[in-house]
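For reference, the chains in residue letters:
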Amino acid sequence: MIKRFIKWCVEFHSWWNIHQSRKSLFFAVIASLSVVATVMLSFPLNAQINLPQTPKSELRGVWLTNIDSDVLFERDRLKGSLQRLDELNFNTIYPAVWNWGYTLYPSKVAAKVIGRSLDPTPGLKGRDMLKEIVDVGHQKGLTVIPWFEFGFMAPADSLLAKNRPQWLTSRSDGTRIVKEGIYNRVWLNPFRPEVQQFIQDLIVEIVRNYNIDGIQVDDHFGLPSELGYDAYTVALYKKEHGGKAPSKNPQDPEWVRWRANKITEFMKRVFTAIKANKKDCLVSVAPNPQRFSYDFSLADWQKWERMGIIEDLVLQIYRDDLNVFISELEYPEVKAAKSHIPVSIGILAGLKNRSVPMQQIQTQVQKVRDRNFAGVSFFFYETLWNMSKEKPQERQTAFQKIFPTPTAYPNLLAGWKP
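All of these numbers come straight from a predicted model, not from anything done at the bench.

Caption draft 1: Main features of the overall build of the protein chain. Secondary structure summary: the protein chain contains 16 helices and 15 strands in total. Classification of the 418 residues of the protein chain by burial places 51% in the buried group. Look at the contacts in the protein chain between residues 6 or more apart in sequence, and 76% of them connect residues 24 or more apart. Total accessible area on the protein chain stands at roughly 19,800 Å², and carbon and sulfur atoms take up 55% of it.

Caption draft 2: Highlighting the packing of helix H8 (residues 231–240) against helix H9 (residues 253–277). Packing of H8 against H9 leaves a shortest axis separation of 12 Å and a crossing angle of 105 degrees. On the basis of their axis angle, the class for H8 and H9 is roughly perpendicular. Facing Thr233, Leu236, Tyr237 and Glu240 of H8, the residues of H9 in contact are Glu254, Trp255, Trp258 and Lys262.

Caption draft 3: Examining the nonpolar core more closely. Ranked by size, the top nonpolar core spans 116 residues in total, and within it Phe198, Phe378 and Leu384 carry the most contacts. The leading source of residues in this core is H9, at eight residues. Discounting chain neighbours no more than four positions away, the residues touching Leu384 are Val62, Leu85, Phe90, Ala349, Phe378, Arg395 and Phe399. In this structure, Tyr229, Leu236, Tyr237 and Trp255 belong to the second largest nonpolar core, which totals five residues.

Caption draft 4: View of the sheet that holds strand E6 (residues 153–155). Strands sit in the order E6-E8-E7 across an open sheet of three strands; the sheet is antiparallel. Each end of this open sheet is capped by a strand with a single partner; those strands are E6 and strand E7 (178–180). Taking each pair of neighbouring strands and ignoring which way they run, the sheet shows an average axis angle of 45 degrees.

Caption draft 5: Geometry of the environment of Lys79. By secondary structure assignment, the location of Lys79 is in helix H3 (residues 75–87). When the C-alpha atoms of Lys79 and Asp135 are compared, they prove to be 9.9 Å apart, with 56 residues separating the residues in sequence.

Caption draft 6: Representation of the pattern of salt bridges within the structure. Considering all chains together, one arrives at 20 salt bridges under this definition. In this structure, Arg77 engages Asp70 in a salt bridge whose closest nitrogen and oxygen atoms are separated by 4.0 Å. Classification of Arg77 as partly exposed rests on a relative accessible area of 35%. A salt bridge links Lys275 to Glu311, with the nearest nitrogen and oxygen atoms 2.9 Å apart. Of the two residues, Lys275 is situated in helix H9 and Glu311 in the loop between helix H11 (301–307) and strand E11 (312–316); the sequence distance between them amounts to 36 residues.

Each value, and the rule that gives it
Residues numbered from 1 in each chain as written. Predicted model: local features only at pLDDT ≥ 70, side-chain atom pairs only at ≥ 80, totals over all residues. Heavy atoms only, no water. Helix = DSSP H or I, 4+ residues; strand = E, 2+ residues; numbered from the N terminus. Buried < 20%, exposed > 50% of the residue type's maximum accessible area, 1.4 Å probe, protein only. Contact = heavy atoms within 4.5 Å. Areas by Shrake-Rupley, 256 points an atom, 1.4 Å probe, with all protein chains shown as cover. Axes fitted to C-alpha atoms, helices over the stretch in contact; angles between N-to-C directions. Parallel < 35°, antiparallel > 145°, perpendicular 65-115°, else oblique. Core = buried A, V, L, I, M, F, W, Y, C linked by side-chain atoms within 4.5 Å. Pairing = 2+ DSSP bridges. Salt bridge = Lys/Arg side-chain N within 4 Å of Asp/Glu carboxyl O.

Following this line, the structure appears as structure tokens:
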């Protein structure tokens, strides 16, 4: 219709050139433009303005855990939760598969090392929760990336800690317990070959046996920097330093670097093992910002990214202060990673005793989008709408507005470009 109208205007203009003076022509052109404006204004608004389009791809993820949450413990509840996430246009889920010193799926590797093949929680008995998630998730078009939540960490009273005390690491004073909230944790020594083999075997077992889209670790795949003073690690350090013992200062730069490099070497081996078993299985990392991750967890994700052993980075920025939140998005290592791989931002949706208002969530999502990140993921499922001061329906309606239409998961292996 517009093309026909423009053609008429051109023909009209030519006719006036022949039959009228320049002065008349001026008024004719004004009249024509007035008509064009009137016709254009009669079209729908979206024909006039380029409204923001839904991105071709955007990570819209959520972590599913068994801590302060029962979403994984009942088949129908789990299925209904995945259905609702799909309806609200989420596209990625990170289900925990290694927590509290147990696997949340039936594991031959765990049975051999721990003495139990599955977390003893009654809701998991007789089920393969991970297979259910893969089957239902893929049916709904969700990307499924199992999350190795505890990494090298284990409860102090777990079967694993009791049966393999030689696997644990310690501080310089010999103590092992690390408090995480109210819980007593211990850490497997990430420098011991048998510990590395156990963790790698668990990951490879999942990659081989389930039709997953990726595997995710976080900075529990590192080590609290006050640890690493066990006899095995000290002997290894001395062997590589002409008999010199490591610094008593856990933050000594050389001692931090040596341990972080050892963990990086292991991360590279895990990446290689994953790819050897399933080359299109994405390797995802969900760490804290680099300074904290490196200094306090010895997890040097900036180096991992430069080495090409991360294919999906979800940076945990759990901040209430908006200025602090924004500043974390602007660091050079974040911008550098963003130019190579999909980098998304982990946003806190709430904790058991800490409700995060929907307004804060909406604002943070917008700040992430303004800077062209690959997407967002929320910690954690239960606090999206089940644990909140706001009503569940209000929260769900708000998420529907954040994600009004479906979109694809930003996949490096499927040709994602920054």
